[in-house]
Amino acid sequence: GIDLPTKVGKERIDSVNSGIFPFKTNDKKLTTELKKAVSCGNLKADSDHSFYKQADIVLVSVNCDLINKNGKQKIAIENFEDCISHIANKVKENVLVIIEATVPPGTCKFIVYPLFEEAFKKRSLDISKFYLAHSYERVMPGNRYLDSIINYWRVYSGINEESAEMCKVFLQNIINTKKYPLKKLSNTTASETSK
């Protein structure tokens, strides 16, 4: 897990690496699973963006808050764009990036993909070996937080068939798809709009 190198980010990083869930929760299963993931080496948190080089799959969940600016509502997408740029400048070819954040329709097509395209070109990487999908996170606060991720329907999409299939395979390892089948949508804009 990568977080910002801020005071709050460092506190979250230290908590995760200590096996302590970094947010207030009353879901005992969530805290137990976090401890297991850390103790067996499957989860580590840091603020060092160079860790993206090791990733085969990157999940992006960055808030895009709705703010009031000069009496008008605006989506604060700048932090999201900064995050995408950092990732694009570090990942290797053949990486799958899954956007889980709630973003405006068209974000994957008109913001995320072009940022990767530009970064890959600068880094002399083959953009045809980049995979992008969207599947917004579905969670219910409370004592069944983790179960609400595992046992709930999910939609997914990709910028191409390969991306969508890779996303499906990944989600099948997390979601109880026997009881809650995944729903493939035609494109990332459809998935973004459905949120």
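Read on for a plain summary of the structure. (Residues numbered from 1 in each chain as written. Predicted model: local features only at pLDDT ≥ 70, side-chain atom pairs only at ≥ 80, totals over all residues. Heavy atoms only, no water.)

## Quick notes on the overall build of the protein
Worth spelling out the cut-off: Every helix listed is a DSSP run of H or I at least four residues long, and every strand listed is a run of E at least two residues long, numbered separately from the N terminus. The atom set for the radius of gyration is the C-alpha atoms, and the globule formula is 2.2 Å times the number of residues raised to the power 0.38. The classification of residues rests on relative accessible area computed with a 1.4 Å probe and restricted to protein chains. Under 20% of the type maximum is buried, over 50% is exposed, and intermediate values are partly exposed. Using a 1.4 Å probe, accessible areas were evaluated by the Shrake-Rupley method; residue-level cover was limited to the displayed protein chains. Counted charges follow a simple rule, with Lys and Arg positive, Asp and Glu negative, and His plus the chain ends left uncounted. Charge positions are represented by NZ for Lys, CZ for Arg, CG for Asp and CD for Glu.
Along its length, the protein carries seven helices and seven strands. Counted from the first residue to the last, the protein has its helices and strands arranged as α-α-β-β-β-α-β-α-β-α-β-α-β-α. Computed over the C-alpha atoms, the radius of gyration of the protein is 17 Å, within 12% of the 16 Å expected from 2.2 N^0.38 for a compact globule of 195 residues. Structurally, the protein occupies a C-alpha span of about 45 × 45 × 40 Å along its principal axes. Counting only residues that meet the buried cut, the protein has 35% of its 195 residues in that class. Total accessible area computed for the protein in this model is approximately 11,600 Å², and 51% of it derives from carbon and sulfur atoms. Treating the 29 positive side-chain charges of the protein as one cloud and the 23 negative ones as another, the clouds have centres 4 Å apart.

## Some words on the packing of helix H3 (residues 78–88) against helix H4 (residues 107–122)
Operational definition: As a rule, the C-alpha atoms of each element are fitted with a line to give its axis, helices using only the stretch in contact, and angles between N-to-C directions run from 0 to 180 degrees. The sense of a crossing depends on the near helix, which, turned anticlockwise from the far helix by less than a right angle, makes the crossing left-handed and, turned clockwise, makes it right-handed. In what follows, a contact means two residues having at least one pair of non-hydrogen atoms within 4.5 Å.
Where H3 contacts H4, the axes come no closer than 9 Å and their chain directions differ by 35 degrees. Crossing hand, H3 versus H4: right-handed. The residues of H4 that touch H3, namely those facing Phe80, Glu81, Ile84, Ser85, Ile87 and Ala88, are Thr107, Ile111, Val112, Leu115, Phe116, Ala119 and Phe120.

## Some thoughts on helix H2 (residues 28–39)
Counting along an α-helix, one turn takes 3.6 residues, and residues three or four places apart therefore face a common direction. Stated formally: Helices are assigned an expected span. That span is 1.5 Å times one less than the residue count. This arc describes the spread of directions from the helix axis toward the C-beta atoms. Counted as a polar contact is a pair of N or O atoms within 3.5 Å, where, for protein atoms, one must be capable of donating a hydrogen and the other of accepting one, and residues adjacent in sequence contribute only when both atoms are in side chains.
Relative to the 16 Å expected for twelve residues at 1.5 Å per residue, H2 spans 17 Å between its end C-alpha atoms, a close match to the ideal helical length. Inspection of H2 places Leu30, Leu34, Ala37 and Val38 among the buried residues, and these make up the whole buried set. Seen along its axis, H2 keeps its buried residues to an arc of 95 degrees; they face one direction. The exposed residues of H2 that point more than 90 degrees off its buried face are Lys28, Lys35 and Ser39. A side-chain oxygen of the first residue of H2 lies 3.0 Å from the backbone nitrogen of Lys29; this N-cap is Asp27. One or two steps after H2, the chain reaches Gly41, where phi turns positive at roughly 85 degrees.

## As for the packing of aromatic side chains
Definition in use: By convention, a stacked pair of Phe, Tyr or Trp rings (six-membered ring in the case of Trp) has centres within 6.5 Å and planes under 30 degrees apart, an edge-to-face pair has planes over 60 apart, and any other such pair is tilted.
For the coordinates displayed, the defined rule picks out seven aromatic pairs. Between Tyr113 and Phe130 the ring centres are 6.1 Å apart and the planes differ by 40 degrees, which places this aromatic pair in the tilted class. Residue Tyr113 is located in helix H4, and its partner Phe130 is located in strand E5 (residues 130–134); the two are separated by 17 residues in the primary sequence. Considering the side-chain rings of Phe116 and Phe120, the 6.2 Å spacing of their centres and the 65 degrees angle between planes classify their relative orientation as edge-to-face. One end of the pair is Phe116 and the other is Phe120, both in helix H4 and four residues apart, which spans about a single turn. We classify Phe116 as buried; its relative accessible area is 0%. Ring pairs connect the aromatic residues Tyr113, Phe116, Phe120 and Phe130, which therefore count as one cluster.

## Some remarks on the side chain of Ser135
Mapped onto the elements of the fold, Ser135 is located in the loop between E5 and helix H5 (145–150). Exposure remark for Ser135: the relative accessible area of 0% places this residue in the buried category.

## Comments concerning the environment of Cys167
Counting through the fold element by element, Cys167 comes out in helix H6 (residues 161–172). Judged by relative accessible area, which is 0%, Cys167 ranks as buried. Between the C-alpha atoms of Cys167 and Lys29, which are 138 residues apart in sequence, the distance is 25 Å. When residues no more than four places from it in sequence are discounted, the contact partners of Cys167 are Leu96, Ile98, Ala133, Ser135 and Tyr156.

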